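Structure at a glance
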Amino acid sequence: MTKRPDRDNLHPAKDRAAKSGSARTPRAGAPKLYVGDAWSTRDRSADRSSLKQVRFTFVILGIVAVAYVVYLVVSGQADDFVRALVGVDLAWIAAGVVCFLFYYVFGVLAFAVLAALDHDSPVGYRDLMSVEASGVFFMRLTPGGAGVIPSQIYRLTRAGLSPAEATALQSMRFTLYEAGEGIFAAIMLVLCGGYFLETFADVRILGLDVTLIGIFMFAVKFVQVSVAILICLLPRPIMALAHAALRAGRALHLVSEERCERFRELVSTQVDTFARAFRNGAAHPRVLIAAELITLVQLGCMYALPYFVLRAFGLEADLVICLASGSMVELLVNAIPLPGGAGGAEVGFSYLFGGMFGWHLSAGLVIWRGIEYLLPVLIAAPCMGMRSASGESIYRRAVRWRANFGRILRRDRSGLERPQGIAYKPKRTREEDESSE
């Protein structure tokens, strides 16, 4: 992580002096607060813009829901749908919900591992719960997950990080998550490649061989991860290529001058921050490996949801096959530039899990979509406003917990450390000084 600059909040009168270079240093012991600047204002505006896109998402979801109901009626599957729902085992559905809650928990934990690289980071666990919740929310309710990055950066700056630090932390998490999707899919293809070739060898979607579609989706994810890694390793050449593309677009009158300048500044800032975050994180390989392993477990919690739905209908299910098929569905969702991959997720699920569900497919699709899509939105929405109040960094909290655990094992409770909190001593008045004398 980058070294955090001074974030001491200034009194409004001192703020004016700070602009002229004559600000005084706040007294020792004063509480440190962070007030957003132009960067956080930009991210806050992007967050509001993302919320506006949510309205469009609900329209899309309404259209998809209506289309699905019409399809059930026209295809004559409405009776099967109702009959399948009557016999569902709610205990397995509840287990699926718990499984997705672990997806959220592991997401917060992966963020916490990366945030602990900065031993004095002001970000707490509840801050990270808000950050992860905003990722879950906007990933499902903005086209292509476009609202995830600005919403998470905004909440990190609100927690006390500088814009550069917030961007660096979010960039590392984003890179590890994208890499995790590719790594998980590659592992599943190695384990279940024979199953896919045998089961879908003769299956075609819209006239295209399903195997070719799978290869294309995996290639798209490979390109995404490769571009992220290239940005980390070769920031200068990447910036040069981006600036050349912007100049070409300006010369061809495809991009206005104002937009070209804005994109040029955005590319220069983001690529440089992205690369510095990767280099700083690469200095702690064990931390990155731990965060990546946690991410793989997190993804497994989401990909395993069809397994619980199958068992809810009393059907036999292979967990590994469900994980492999779930990862392929997620690759298809990422390739569809609609909120939550609307349409693509339903088609992919129907083809990949149709043989497993049989006549339960229509009901299984609705339950899976409810657990994987609608329920997370309802859970994430109230969590986005959570804030930490301790003031103790995650790193120092983990050190304290480890020391206390060791003392408990030794049955030495006398030396248990307490939370540090925020140390603040108000300045004594003259009257108090005179009375103490």
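Residues numbered from 1 in each chain as written. Predicted model: local features only at pLDDT ≥ 70, side-chain atom pairs only at ≥ 80, totals over all residues. Heavy atoms only, no water.

This paragraph deals with the overall build of the protein chain. In terms of helices and strands, the protein chain carries 17 helices and two strands. Out of the 437 residues in the protein chain, the part that is buried amounts to 43%. In the protein chain, the share of contacts with a sequence separation of at least 24, taken over all contacts with a separation of at least 6, comes to 77%. Approximately 23300 Å² of the protein chain is accessible, and the part contributed by carbon and sulfur atoms is 64%. (Helix = DSSP H or I, 4+ residues; strand = E, 2+ residues; numbered from the N terminus. Buried < 20%, exposed > 50% of the residue type's maximum accessible area, 1.4 Å probe, protein only. Contact = heavy atoms within 4.5 Å. Areas by Shrake-Rupley, 256 points an atom, 1.4 Å probe, with all protein chains shown as cover.)

Moving on, we come to the nonpolar core. Ranked by size, the top nonpolar core spans 87 residues in total, and within it Leu 128, Leu 156, Phe 313, Phe 353, Phe 357 and Trp 368 carry the most contacts. Phe 353 has contacts with Pro 306, Cys 322, Ser 325, Gly 326, Val 329 and Leu 361, leaving out every residue within four places of it along the chain. In terms of nonpolar packing, the next biggest core, distinct from the first, is built from seven residues, Ile 231, Met 239, Val 267 and Phe 274 among them. (Core = buried A, V, L, I, M, F, W, Y, C linked by side-chain atoms within 4.5 Å.)

Relative to the 24 Å expected for 17 residues at 1.5 Å per residue, helix H5 (residues 125–141) spans 24 Å between its end C-alpha atoms, a close match to the ideal helical length. Of all 17 residues that make up H5, 13 are buried, and the element is covered over most of its length. (Expected span 1.5 Å × (residues − 1).)

Moving on, we come to the side chain of Thr 295. Within the secondary structure layout, Thr 295 lies in helix H11 (residues 285–303). Look at Thr 295 and you get buried, because its relative accessible area is 0%. Discounting chain neighbours no more than four positions away, the residues touching Thr 295 are Ala 110, Arg 173, Leu 176 and Tyr 177.

Another point: the pattern of salt bridges. Taken as a whole and assessed by the stated rule, the structure comprises three salt bridges. The salt bridge involving Asp 120 is made with Arg 396; its shortest N-O contact spans 2.6 Å. Of this pair, Asp 120 sits in the loop between helix H4 (90–115) and H5 while Arg 396 sits in helix H16 (residues 394–409), placing them 276 residues apart in sequence. Judged by its relative accessible area of 42%, Asp 120 falls in the partly exposed class. Given the relative accessible area of 33%, Arg 396 is considered partly exposed. Between Arg 369 and Glu 372 there is a salt bridge, with the nearest N and O atoms lying 3.0 Å from each other. In this pair, Arg 369 and Glu 372 are both assigned in helix H15 (residues 361–383), three residues apart and thus about one turn of the helix distant. A residue is classified by how much of its surface remains accessible, and Glu 372, at 6% relative accessible area, is buried. The network of salt bridges with shared partners includes Glu 346, Arg 369 and Glu 372. (Salt bridge = Lys/Arg side-chain N within 4 Å of Asp/Glu carboxyl O.)

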